[in-house]
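# Working through the structure, step by step
Now for the letters of each chain:
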Amino acid sequence: MYYSNSLRPPKCPSNAINIAYNSQVWSTVSDFAVFLTIIIMVLLDFVVGIPSPKLHVPHAFKPTRDDRGWFINPIGPNPWWTVLAALVPALLCTILIFMDQQISAVIVNRKEHKLKKGCGYHLDLFMVAVMLGVCSVMGLPWFVAATVLSITHVNSLKVESDCSAPGEQPKFLGIREQRVTGLLIFVLMGCSVFFTSVLKFIPMPVLYGVFLYMGVSSLRGIQVRTRLQRAACRLPGSPSQRVQFILRTKEDEQHVPHRLFSELDEICVKEGQDAEWKETARWLKFEEDAEDGGERWSKPYVGTLSLHSLSELRSCISNGTVLLDVCANSIEEIADMILAQQEQSTEFDEHMRAQVREVLLRKHHHQNEKTTNLLPVVCSFADVSKRQSDLRCGLCFWGNCLKIACCAQAELHFMKKIPTGAEASNVLVGELDFLHQPIMAFVRLSPAVLLSGMTEVPIPTRFLFVLLGPEGKGHQYHEIGRSMATIMTDEVFRDVAYKAKNGADLVAGVDEFLDQVTVLPPGEWDPSIRIEPPKNVPSQEKRKMPGALDDSASHSTLEKHGGPELQRTGRLFGGLTLDVKRKAPWFWSDFRDGLSLQCLASFLFLYCACMSPVITFGGLLGEATKGHISAMESLLGASMAGVVYSLFAGQPLTILGSTGPVLVFEKILYKFCKEYTLSYLSLRACIGLWTAFLCIVLVATDASCLVCYVTRFTEEAFASLICIIFIYEALEKLSHLRDTYPVHTHSKLDFLTSY
């Protein structure tokens, strides 16, 4: 309910406090929602005793195999040339790690996240390279930026405004930028081997559900999903987006937009009166009204429309008859097609149908017809010449001649304004005393046809809008007709009208027009005041560009990644030096800003989310390498790399994790070493050291500046692929539970309560 300022009830301090308190409580609960769900499911599994698979955690802090230690000799038993040969696979690993790391960093550092502390692409890659070398020497897995985990981390730290009114959507303010959550996640992950007695009770289906949640929730911020939905439904989201979609469709010869001349004809049929269509207004660029009983045209002015008439026009197009690409050669054929679409009823019988048809075929009277018929004037010339002494009659004669000449000259001047190839849009509105319900129709002719006597100027008609209704609403019909004629002169709606496939496209064009309308308060402006046409009409190309006007879709345009962090310095490690200088002033605030309940909730949730894939990745790696690298090494590597990265990286919001391509590479490398009897860990250490060296070379040469060429499409495709993999893996593992724990479907109901 809305109140005026004088009638608004006074605010109660206690109610305001209660509302603020409840809002804070619900905000806190929502922050901990995922973690609370995990706790509830774990307790339910423990209390009920469901025989579900549990999380497998190493029981002791030691290497998985007894024949290896924590440090690996890069040469070991392998020949010396393997150190040089390792450079070839290292090049491939460098490309893989560079792309994986930097694309994930670009997604985190998007402009719509409103990050205030900046980022550091060079510093991020440098820290990944350092830890890559350390992990290679220690025989630990390699870790780079995990896309889905990073997106989830950013989403969990969103800061939004408090809603001050019921139904008001919170406004996104930014991201809580800090280092605490990432640091705590990986510190606790490293300590996990000391409290395995608790972690072993976490059911794997709960973690699969967390994976599914992360994949689905991360897709919400990805525009590829939205575009696929719109492509499937063929309905873009907002009116402006749909209009842009319509305007991008291919056009044939019959759907090429032309300049339009719009004419408004009105009729009022009452019993006992022989009425005809009268031209009351016309539009070329701006509106001109017939004045002084139709004797002359007003000066062109910017037409002002009411929101009510535009809303009624939208309703007419939505609920009325829409005929597109109609092939007709006369008004008779068009009238028959319109009436054929009207349903037969007691209120609209055949007699009334014939009356409406007769009205549509009546003569059209145009204002210029009075000025073109000069025959009476010529005939009166002889009479006037015989009575030269009658001064008064002579003055009237020459006055009429002068008036006719001026009007004819004005009409000739108007005809010159109509551009070559222009087409007509005729708007017919009126009130009929015999009608009980309105008749509405929008017709697009293909091709355009010259309808004799229909239009003031001899140009073919492309569009015809008809609105006939019961008497008593003539002014309302007039305003709807004005709205239709005015909107047809709008450049964007005109193009939509030419390319529309159905009535819904026309409605979208009206909605887009309404989005651009500026409302003037009725008490502060006189509607009778006519606005002079501007000297320079602003271009409407921005309305046709994708995302130019819609803030929610502004990211759909090609986003150019830039800023000081992506500018080449021309010096060795110049970009890295600037990243350090840029991030150093924010270092201590990164820890202060992490002291909040939202960060605690994010840490508890992401710890469970990060723990499972690290252990799962370690288990898969252990199977692929026969235990050379397994869950214990994966936990230690993730903890070390994550802690160092969270402390010193340029963007601590990025979460490190294991990736599928790295696992595939490890499998191929182990198989190669087994076939050629080479030491897997030693060769892997050489490849890792070469990869770390090449990544540092990329940092030294400011190669991270190439990130500015990564398009939004590449980011979206990469993120969508990772999210889909998360969703697929979660669903696949959940489906395998039925094989391990089959559902007994042959129970006997008679023994259902027997124990």
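Residues numbered from 1 in each chain as written. Predicted model: local features only at pLDDT ≥ 70, side-chain atom pairs only at ≥ 80, totals over all residues. Heavy atoms only, no water.

## Points about the overall build of the chain
Selection rule: Helix and strand definitions follow DSSP, with helices as H or I runs of at least four residues and strands as E runs of at least two, each counted in order from the N terminus. With a 1.4 Å probe rolled over the protein chains alone, any residue whose accessible area is under 20% of its type maximum counts as buried; one over 50% counts as exposed, and the rest are partly exposed. Contacts are assigned to residue pairs with any non-hydrogen atoms lying within 4.5 Å of each other. Method for areas: the Shrake-Rupley scheme with a 1.4 Å probe, in which residue coverage is limited to the protein chains shown.
Each helix and strand counted, the chain has 28 helices and 13 strands in total. Within the chain, buried positions represent 47% of all 755 residues. Counting only contacts in the chain whose residues sit at least 6 apart along the sequence, the fraction spanning at least 24 positions is 79%. In the form shown here, the chain has an accessible surface area of approximately 39300 Å², with 62% of it arising from carbon and sulfur atoms.

## Section: the environment of F98
Inspection of the secondary structure puts F98 in helix α4 (residues 87–108). You can call F98 buried: its relative accessible area is 11%. Spatially, the C-alpha atoms of F98 and L125 are 7.6 Å apart, while their sequence positions differ by 27 residues. Setting aside residues no more than four positions away along its own chain, F98 makes contact with L125, L698, A703 and S704.

## Structural notes on the pattern of salt bridges
What counts, and what does not: Within this document, salt bridges are pairs made up of a side-chain nitrogen of Lys or Arg and a carboxyl oxygen of Asp or Glu, the two lying within 4 Å of each other.
Throughout the structure, instances matching the rule amount to 19 salt bridges. Ionic pairing is found between D505 and R242, a salt bridge with its closest N-O pair at 2.7 Å. Here D505 is found in helix α20 (residues 503–515), whereas its partner R242 is found in helix α11 (residues 239–247), with 263 residues between them in sequence. The class of D505 is buried, set by a relative accessible area of 6%. We classify R242 as buried; its relative accessible area is 13%.

## Here's the deal with the packing of aromatic side chains
The condition is simple: Between the rings of Phe, Tyr and Trp (Trp by its six-membered ring), a pair exists once the centres lie within 6.5 Å; its type follows the angle of the planes, with under 30 degrees stacked, over 60 edge-to-face, and the other angles tilted.
For the structure shown, the criterion picks out 8 aromatic pairs. Ring centres of F442 and F463 lie 5.9 Å apart, and the angle between their planes is 40°; on these two criteria the pair is classed as tilted. Here F463 lies in strand β12 (residues 461–469) and F442 lies in strand β11 (residues 439–449), a separation of 21 residues in the sequence. The same class applies to F442 and to F463, which are both buried. Here Y670 and Y680 contribute two aromatic rings whose centre-to-centre distance is 5.3 Å and whose plane-to-plane angle is 80°, an arrangement assigned as edge-to-face. Here Y680 lies in helix α27 (residues 680–700) and Y670 lies in helix α26 (residues 660–675), a separation of 10 residues in the sequence. By relative accessible area, Y670 is classed as buried at 13%. The buried category is assigned to Y680, whose relative accessible area is 4%. Among the aromatic residues, ring-to-ring pairing joins F442, F463 and Y498 into one connected group.

## Side note on the environment of G637
With respect to the helices and strands, the residue G637 is situated in helix α25 (residues 631–648). The class for G637 is buried, based on a relative accessible area of 0%. G637 has contacts with C135, L140 and F143, leaving out every residue within four places of it along the chain.

## Some thoughts on the packing of helix α12 (residues 307–319) against helix α18 (residues 474–488)
A pair of packed helices is captured by two measures, namely the crossing angle of their axes and the spacing between those axes. Inclusion rule: Only C-alpha atoms enter the line fits that serve as axes; for helices the fit covers just the stretch in contact. Angles between N-to-C directions range over 0 to 180 degrees. We call two directions roughly parallel when the angle between them is under 35 degrees, roughly antiparallel when it is over 145, roughly perpendicular when it lies between 65 and 115, and oblique otherwise. Amino acids are sorted into nonpolar (Ala, Val, Leu, Ile, Met, Phe, Trp, Tyr, Cys and Pro), charged (Asp, Glu, Lys and Arg) and polar (every other residue, Gly among them).
With their axes 9 Å apart at the nearest point, α12 and α18 run at an angle of 80° to one another. Looking at the two axes, α12 sits roughly perpendicular to α18. Only Q476, E479, I480, S483, M484 and I487 of α18 make contact with α12, whose side of the interface consists of H308, S309, L310, E312, L313 and C316. A per-class count over the contact of α12 with α18 returns 6 nonpolar, 4 polar and 2 charged.

## Regarding unusual backbone geometry
Geometrically, the link from S446 to P447 is a cis peptide bond, its omega value of 0° lying close to zero. Mapped onto the fold, P447 is located in strand β11. Here the phi dihedral of F573 falls at roughly 60°; this positive angle occurs in a residue that is not glycine. Mapped onto the elements, F573 comes out in the loop between α21 (541–544) and α22 (574–583). The class for F573 is partly exposed, based on a relative accessible area of 29%. Its identity is not glycine, yet T677 carries a phi of approximately 50°, on the positive side. By the secondary structure assignment, T677 is in the loop between α26 and α27.

## Here we look at helix α5 (residues 121–138)
What counts, and what does not: Each helix should span, by expectation, one fewer than its residue count multiplied by 1.5 Å.
A rise of 1.5 Å per residue sets the reference length of α5, with its 18 residues, at 26 Å; its end C-alpha atoms lie 26 Å apart and thus fit the reference within 8%. Positive phi appears at G139, one or two residues downstream of α5, with a value of about 70°.

## Description of the pairing of β11
The two faces of the sheet receive side chains in turn, since in a regular strand these alternate between them. For clarity, the cut-off: We call two strands paired when DSSP finds no fewer than two bridges between them.
Counting buried residues along β11, 9 of its 11 residues qualify, which places the element largely inside the surrounding structure. Where strand β8 (residues 321–326) lies against β11, 4 bridges are found, and the strand directions are parallel. Considered in β11, the bridge of V326 is made with L445.

## Re the confidence of the model for the chain
Threshold: The predictor reports its confidence for every residue as pLDDT, a score running from 0 up to 100.
Mean pLDDT over the chain works out to 75, with 73% of the residues at or above the 70 mark. Confidence, expressed as mean pLDDT per element, reaches its minimum in the chain at helix α16 (residues 375–386) with 40 and its maximum at β12 with 91. For residues 403–407, every residue scores under 50 in pLDDT, and the model assigns this stretch 5 contacts once sequence neighbours within four places are set aside. The low-confidence segment residues 548–558 (pLDDT under 50) makes 18 contacts with residues lying over four places distant or belonging to another chain.

## What about the nonpolar core?
Note the threshold: Remark: nonpolar core denotes a set of buried residues (Ala, Val, Leu, Ile, Met, Phe, Trp, Tyr, Cys) joined through side-chain atoms within 4.5 Å.
Judged by nonpolar contacts, the single largest core of 64 residues is most densely connected at W142, I185, M189, L669, Y680, L683 and I687. Counting residues per element, the ones that place at least two in this core are α4, α5, α7 (180–190), α24 (597–624), α25, α26 and α27. The residues contacting I185, other than those within four sequence positions of it, are F603, L606, Y607 and C610. Core analysis: the second largest hydrophobic core is formed by 31 residues, L323, V326, L360 and L468 among them.

## A short note on the environment of V302
When you line up the elements, V302 lands in the loop between β7 (296–297) and α12. Judged by its relative accessible area of 25%, V302 is partly exposed. Along the sequence, V302 and K285 sit 17 residues apart, while their C-alpha atoms lie 8.8 Å from each other. Look past the residues within four positions of V302 in its chain and what remains in contact with it is F286, I531, E532, P533 and P534.

## Remarks on a nonpolar patch on the surface
To keep it simple, the criterion reads: Exposure above 30% relative accessible area and the absence of a salt bridge qualify a residue for a patch, where like charges join within 9 Å and nonpolar side chains (Val, Leu, Ile, Met, Phe, Trp, Tyr) within 5 Å.
Together, I40, M41, L44, F46, V47, V48, I50 and F201 line one region of the surface with nonpolar side chains, adding up to about 770 Å² of accessible area. Within the secondary structure, F46 is located in helix α2 (residues 33–48). Judged by relative accessible area, F46 falls into the exposed class, the value being 53%.

## Focus on the state of the cysteines
Operational definition: The criterion for a disulfide is a pair of cysteine sulfur atoms lying within 2.5 Å.
For the structure shown, the criterion picks out 0 disulfides. Unpaired in this structure, C695 has its nearest cysteine sulfur neighbour in C93, at a distance of 9.3 Å.

## As for α11
Because each turn of an α-helix spans 3.6 residues, side chains separated by three or four positions in sequence point in the same direction. Burial analysis of α11 places 7 of its 9 residues in the buried class, which makes it a mostly covered element. Inspection of α11 places S240, Q241, R242, V243, Q244, I246 and L247 among the buried residues, and these make up the whole buried set.

## A look at the packing of helix α19 (residues 491–499) against α20
Here α19 crosses α20 at 175°, and the two axes come no closer than 9 Å. As far as their axial angle goes, α20 and α19 are roughly antiparallel. Residues V492, F493, V496 and A497 of α19 lie in contact with α20, whose contacting residues are D505, L506, G509, V510 and E512. Classifying every residue of the contact of α19 with α20 gives 6 nonpolar, 1 polar and 2 charged.

## Digging into the side chain of S150
With respect to the helices, strands and loops of the structure, S150 is situated in helix α6 (residues 147–156). Under the relative-accessibility criterion, S150 is labelled buried at 1%. The residues touching S150, leaving out its near neighbours within four places in the chain, are V108, L653, T654 and I655.

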